[in-house]
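# Tertiary structure, described
Spelled out, the chains give:
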Amino acid sequence: MTSPSATTPSMARKLFREGLITPTAGWASGYTQANLLTLPQADAYDFLLFAQRNPRSCPVLDVFDAGKVTGPLLGEGGDIRTDVPLYRVYENGELVQEVTDVTSWWRDDLVSFLIGCSFTFEAALIEAGVPVRHIEQGSNVPMYRTSERCRSAGRLSGPMVVSMRPIPAELIATAVRVTSRYPAVHGAPLHVGDPAALGIYDIDQPDFGDAVDIRRGEVPVFWGCGVTPQAAVMESRPALAIGHAPGHMVITDVRDSQYLVP
């Protein structure tokens, strides 16, 4: 089998369509990954406004027309209902299913949002000599609800969610420089250092994903996270919402370099 990093986006999506369940960090190196949130059209404007007001957590890459299952980022034959390794389905804010195919849930009024993902800049971090611990450990990135509140929009409100990567102190400036050049996929860190400043009191107990080793001389560094929309869904309780399982992303046909700014 081709290594995950060497797969093309279409190869990866085919594997997911066939039932492979895996976190996607390190997959299809060089191609942009995205978070997914699908809502009824009646809630779509509120979410678009929520994303506009919280761009560091919810940078929108594309919005599908109501009922549409593909778009330019997915390429020919892409299907947002089947091409993610694992989905989460919410009814009235409650998680009711984790499934590999949401075709049975699909409705003609559903609007899908693709939201930037920090996995996109991880290859650039590694190339710059910055370790990415969850890739080294073959695990999912740790993600945490914070005490920071997003700006609400209409019926949507919720806490900011962050992802964390432990970075050697001497490489923090490099990590900031590299990631700041990818503003469409969360950009520079939101916080460096003390987790308690974000209301995170046990770094070894992430709310989503897996805990990773933090070694001597390393500092926890936190980026905006595209699981923030699902935290808003859980708080605001729309009738139906579909998202990706945290860390199980949409792999697009767009090159990471397209989102790199000078």
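In this text, all values refer to a predicted model and were calculated from it rather than measured experimentally.

### A short note on helix 1 (residues 9–17)
- Of the residues making up helix 1, those classed as buried are Pro9, Ala12, Arg13 and Phe16. One side of helix 1 carries all its buried residues, which in axial view fall inside an arc of 95°.
- Along its buried surface, helix 1 packs onto strand 1 (31–40) and strand 11 (250–255).
- Among the residues trailing helix 1, Gly19 stands out with phi positive, at a value near 115°.

### A word on the nonpolar core
- In this structure, Phe47, Phe50, Tyr144, Val162, Ile200 and Phe222 are the most contacted members of the largest nonpolar core, which totals 26 residues.
- Of all the elements in the fold, those that place two or more residues in this core are strand 1, helix 2 (41–53), strand 5 (110–116), strand 7 (159–168) and helix 6 (228–236).
- Top element by residues in this core is helix 2. It accounts for four residues.
- Beyond its immediate sequence surroundings of up to four residues, Tyr144 is in contact with Met160, Val161, Val162, Met164, Ile200, Asp202, Ile203, Gln205, Pro206, Asp207 and Phe222.
- Within the second largest apolar cluster, 22 residues are counted, among which are Ala34, Val69, Trp105 and Ile242.

### Structural notes on the layout of surface pockets
- Within this model, the largest pocket holds a volume of roughly 210 Å³.
- Lining the largest pocket are Thr120, Ala123, Ala124, Glu127, Ala128, Arg177, Val178, Arg181, Tyr182, Asp256, Ser257 and Leu260.
- For the lining of the largest pocket, the secondary structure elements donating two or more residues are helix 3 (122–127) and helix 5 (172–179).
- The element best represented in the lining of the largest pocket is helix 3, accounting for three residues.

### Quick notes on the sheet that holds strand 8 (residues 191–192)
- Across the sheet, which stays open at both edges, the four strands sit in the order 6-7-9-8 with antiparallel pairing between neighbours. Two strands in the sheet have a free side with no partner beyond their single neighbour: strand 6 (143–149) and strand 8.
- In the sheet, strand 8 pairs with strand 9 (residues 218–224) via two bridges, with the strands oriented antiparallel. If you follow His191 over to strand 9, its bridge partner there is Phe222.
- Along the sheet, helix 6 makes contact with strand 6 and strand 7, crossing strand 7 at roughly 145°.

### Topic: helix 2
- Here helix 2 is 13 residues long and its end C-alpha atoms lie 19 Å apart, about the 18 Å a rise of 1.5 Å per residue gives.
- Buried within helix 2 are the following residues: Asp43, Ala44, Asp46, Phe47, Phe50 and Ala51.
- Here the buried face of helix 2 lies against strand 1, strand 2 (60–63), strand 5 and helix 6.

### A word on empty space enclosed by the protein
- Per the stated rule, a full pass over the model turns up one cavity of 30 Å³ or more.
- Space inside the largest cavity adds up to approximately 90 Å³.
- Along its surface, the largest cavity is lined by 16 residues, and Asn35, Cys117, Ser118, Met143 and Cys225 are the ones closest to its centre.
- Per-class residue counts for the lining of the largest cavity are seven nonpolar, eight polar and one charged.

### Here's the deal with the pairing of strand 7
- In terms of burial, strand 7 is a largely internal element, ten of the ten residues being buried.
- Here strand 6 runs beside strand 7; their pairing, made up of four bridges, is antiparallel. Bridging across to strand 7, Arg145 finds its partner in Val161.
- Here strand 7 pairs with strand 9 via seven bridges, running antiparallel.

About the cut-offs
Residues numbered from 1 in each chain as written. Predicted model: local features only at pLDDT ≥ 70, side-chain atom pairs only at ≥ 80, totals over all residues. Heavy atoms only, no water. Buried < 20%, exposed > 50% of the residue type's maximum accessible area, 1.4 Å probe, protein only. Helix = DSSP H or I, 4+ residues; strand = E, 2+ residues; numbered from the N terminus. Arc of directions from axis to C-beta. Contact = heavy atoms within 4.5 Å. Core = buried A, V, L, I, M, F, W, Y, C linked by side-chain atoms within 4.5 Å. 1 Å grid on protein atoms, 1.4 Å probe; cavity = no way out; pocket = protein on both sides within 12 Å on 5 of 7 lines; lining within 4 Å. Points joined across faces, edges and corners; volume = space filled by probe spheres on them. Pairing = 2+ DSSP bridges. Axes fitted to C-alpha atoms, helices over the stretch in contact; angles between N-to-C directions. Expected span 1.5 Å × (residues − 1). Nonpolar A, V, L, I, M, F, W, Y, C, P; charged D, E, K, R; others polar.

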